[in-house]
Amino acid sequence: QVQLVESGGGLVQPGGSLTLSCAASRRLFDFNTMGWYRQAPGKERELVATISSGATTNYADSVKGRFTISRDNAKNTLFLRMNSLKPEDTAVYYCNARFLRFSDPYWGQGTQVTVSS
């Protein structure tokens, strides 16, 4: 069984930064793709960023240039560095992992990010 545990969320002022972490119970080497999603109140869950086993990254247009996804295989941890945060970034952020491109994903429980003055 795969377990994903997010941490690092919190309250931050607009323009501030946060780094989210996702600790996995397996080696990141085992996953084809990992990513971050978010869900704001009244909205559908949306993709934020993904990273493949080959380190290819993909970002939503709304966060491109501000967020960076990365991984530390030695620590079995996925990261999301968020800079220049905006109120519209407020959401619950979820870690996601797949063994194969079209397989069912594993999800963490989420961590709340609130951007407000």
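This text gives an overview of the structure that appears in the document. (Residues numbered from 1 in each chain as written. Predicted model: local features only at pLDDT ≥ 70, side-chain atom pairs only at ≥ 80, totals over all residues. Heavy atoms only, no water.)

1. As for the pairing of strand 8 (residues 77-82)
Counted only if it meets this: One requirement defines pairing of two strands: DSSP has to find at least two bridges between them. Helix and strand assignments follow DSSP, with helices taken as H or I runs no shorter than four residues and strands as E runs no shorter than two, numbered in order from the N terminus.
Here strand 3 (residues 18-24) pairs with strand 8 via six bridges, running antiparallel. Bridged to Ser21 within strand 8 is Phe79. Sheet analysis places strand 7 (residues 67-72) next to strand 8, joined by six bridges and oriented antiparallel. The residue bridging Ser70 from the neighbouring strand is Phe79, located in strand 8.

2. Looking at the pattern of salt bridges
For clarity, the cut-off: Any carboxyl oxygen of Asp or Glu within 4 Å of a side-chain nitrogen of Lys or Arg constitutes a salt bridge here. Relative accessible area decides the class of each residue, using a 1.4 Å probe on protein chains only: under 20% of the type maximum gives buried, over 50% gives exposed, and in between gives partly exposed.
Tallying each qualifying case throughout the model produces six salt bridges. A salt bridge links Arg38 to Asp89; its shortest N-O distance comes to 2.9 Å. Pair noted here: Arg38 is in strand 4 (residues 33-39) and Asp89 is in the loop between strand 8 and strand 9 (91-98), with a separation of 51 residues, a long-range link. Taken as a pair, Arg38 and Asp89 share a single burial class, namely buried. Close ionic contact of Asp89 with Arg66 constitutes a salt bridge, the shortest N to O distance being 2.8 Å. Of this pair, Asp89 sits in the loop between strand 8 and strand 9 while Arg66 sits in the loop between strand 6 (57-59) and strand 7; the two residues are 23 residues apart in sequence, bridging distant segments of the chain. Like Arg66, Asp89 is buried.

3. Side note on unusual backbone geometry
With phi around 75°, Ala55 is a residue other than glycine that occupies positive phi space. Mapping Ala55 onto the fold places it in the loop between strand 5 (46-52) and strand 6. Note on Ala55: relative accessible area 47%, which makes it partly exposed. Positive phi values are uncommon outside glycine, yet Ser84 reaches one of about 50°. Within the secondary structure layout, Ser84 lies in the loop between strand 8 and strand 9.

4. Re the side chain of Glu6
Let me state the cut-off plainly: When charges are counted, Lys and Arg contribute as positive and Asp and Glu as negative, whereas His and the chain ends are disregarded. Here a polar contact means two N or O atoms within 3.5 Å. Within protein one must be a hydrogen donor candidate and the other an acceptor candidate, and residues neighboring in sequence count only if both atoms are side-chain atoms. The contact criterion used throughout is that any non-hydrogen atoms of two residues lie within 4.5 Å.
Within the fold, Glu6 resides in strand 1 (residues 4-7). Buried and without a salt bridge, Glu6 has Arg45 as its closest oppositely charged side chain, separated by 7.6 Å. Engagement of the side chain of Glu6 in a polar contact is seen with the backbone nitrogen of Cys95, the distance being 2.7 Å. Engagement of the side chain of Glu6 in a polar contact is seen with the backbone nitrogen of Gln109, the distance being 3.0 Å. Filtering out sequence-adjacent residues up to four positions away, Glu6 remains in contact with Ser21, Cys22, Trp36, Tyr93, Tyr94, Cys95, Gly108, Gln109, Gly110 and Thr111.

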